[in-house]
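Below, each chain spelled out in residue letters.
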Amino acid sequence: NHIEYIYRKASRSIGHISRSKHSFNRSTLIKLYVTLVRPIIEYGSVLYDNLSIKDNNRLELLNRRSAIICSGAISRTETRSLLGDLGWNTLKQHRLISKLLMFYKIFSKQAPGYLLDDFITTQHVETRKVTRSVLNAQIYIPFCRTNKFKYSFFPSSIVAWNGLPLEARIMDSLAKFKKYLNSKFN
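The rules behind these values
- Throughout this description, residue numbers start from 1 for each chain and increase along the sequence as written.
- Reporting of local features is limited, given that this is a predicted model, to residues whose pLDDT is at least 70; pairs of side-chain atoms are given and counted only at 80 or more, and all residues count toward the totals for whole chains, interfaces and linings.
- No hydrogens and no water enter the side-chain calculation; it runs on all heavy atoms of the structure.
- Under the scheme used here, helices are H or I runs from DSSP no shorter than 4 residues and strands are E runs no shorter than 2 residues, and both carry numbers assigned from the N terminus.
- Contacts are assigned to residue pairs that have any heavy atoms within 4.5 Å of one another.
- A simple rule labels every residue: compare its accessible area, found with a 1.4 Å probe on the protein chains alone, to the largest value its type can have, and call it buried under 20%, exposed over 50%, or partly exposed in between.
- We define a nonpolar core as any set of buried Ala, Val, Leu, Ile, Met, Phe, Trp, Tyr and Cys residues linked to one another through side-chain atoms lying within 4.5 Å.
- Any Lys or Arg side-chain nitrogen found within 4 Å of a carboxyl oxygen on Asp or Glu counts as a salt bridge.

Participant: Tell me about the overall build of the protein chain, residues and numbers included.
Facilitator: Scanning the protein chain from N- to C-terminus turns up eleven helices and zero strands. For the protein chain, restricting intrachain contacts to residue pairs at least 6 apart in sequence, the fraction spanning at least 24 positions comes to 61%.

Participant: Quick one: what's the story with the environment of L164, residue by residue and with numbers?
Facilitator: The residue L164 is located in the loop between α9 (153–162) and α10 (166–169) in this model. With a relative accessible area of 5%, L164 lands in the buried category. A sequence separation of 26 residues divides L164 from Q138, and the C-alpha atoms of the two residues are 9.8 Å apart. In contact with L164, other than residues within four places in its own chain, are L100, R169, F177, Y180, L181 and K184.

Participant: Which residues make up the nonpolar core, and what are the values?
Facilitator: Counting 25 residues, the largest nonpolar core has F103, W161, L164, F177 and L181 as the members making the most contacts within it. When contributions to this core are tallied by element, the ones reaching two or more residues are α5 (91–107), α6 (113–123), α9 and α11 (174–185). It is α5 that contributes the most residues to this core, seven residues altogether. Among the nonpolar cores identified, the runner-up in size contains 23 residues, and I17, C70, L82 and W88 belong to it.

Participant: Before we move on, could you go through the pattern of salt bridges and cite the residues and values that matter?
Facilitator: Following the criterion strictly, the structure yields eight salt bridges and no others. R8 is the salt-bridge partner of E4, the closest N and O atoms lying 2.8 Å from each other. With a gap of four residues between them, E4 and R8 both fall in helix α1 (residues 2–19), about one helical turn apart. The shortest N-O distance in the salt bridge between K176 and D172 comes to 3.1 Å. Given a relative accessible area of 56%, D172 falls into the exposed group. Residues joined in a network through salt bridges with shared partners are E4, R8 and R58.

This is the structure in structure tokens:
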């Protein structure tokens with residue numbers, strides 16, 4: 001239901017931009033997309049990242065439709081070329097970046113404390129102390145009996161976090177970490 005709501009609301013906003021695309025230049029169209037459509041699609045995206053393939057494709061089609069409008073390309077242009085021309089990531093990549101940034105914020109205590117407590121619960125750690133050495137090591141992936149839990153925030157974030165090189169995990173600021181992730185995915 002949530003994805004359907006997002007799809008309809010974002011589609012309406014894209015329609016408004018599409019109807020006025022001849023009145024604006026490319027940079028203005030991109031700014032309209034980034035300010036009017038992208039927030040609708042990304043609201044809560046860290047939590048609903050475990051989408052079905054069907055729902056993921058629906059949202060990616062919205063991104064593609066927006067890329068065609070913003071770039072002025074013809075509808076048969078390859079998606080990778082469109083996104084590359086605009087400097088955009090796929091929405092799935094964007095959700096992964098957002099998820100890793102949230103994971104970094106949880107560990108560096110820039111997020112509410114209860115999120116760290118939830119993580120510690122999944123790790124079965126007795127102490128409430130999370131040190132830099134925990135970030136440097138491979139983090140234990142909890143047993144996932146169901147796919148629903150396996151693709152939920154903490155287990156899927158841990159898998160992505162463990163896949164990062166050590167120099168990325170030990171970065172001392174969120175800005176550096178974000179810059180690293182953006183360069184890795186662009």
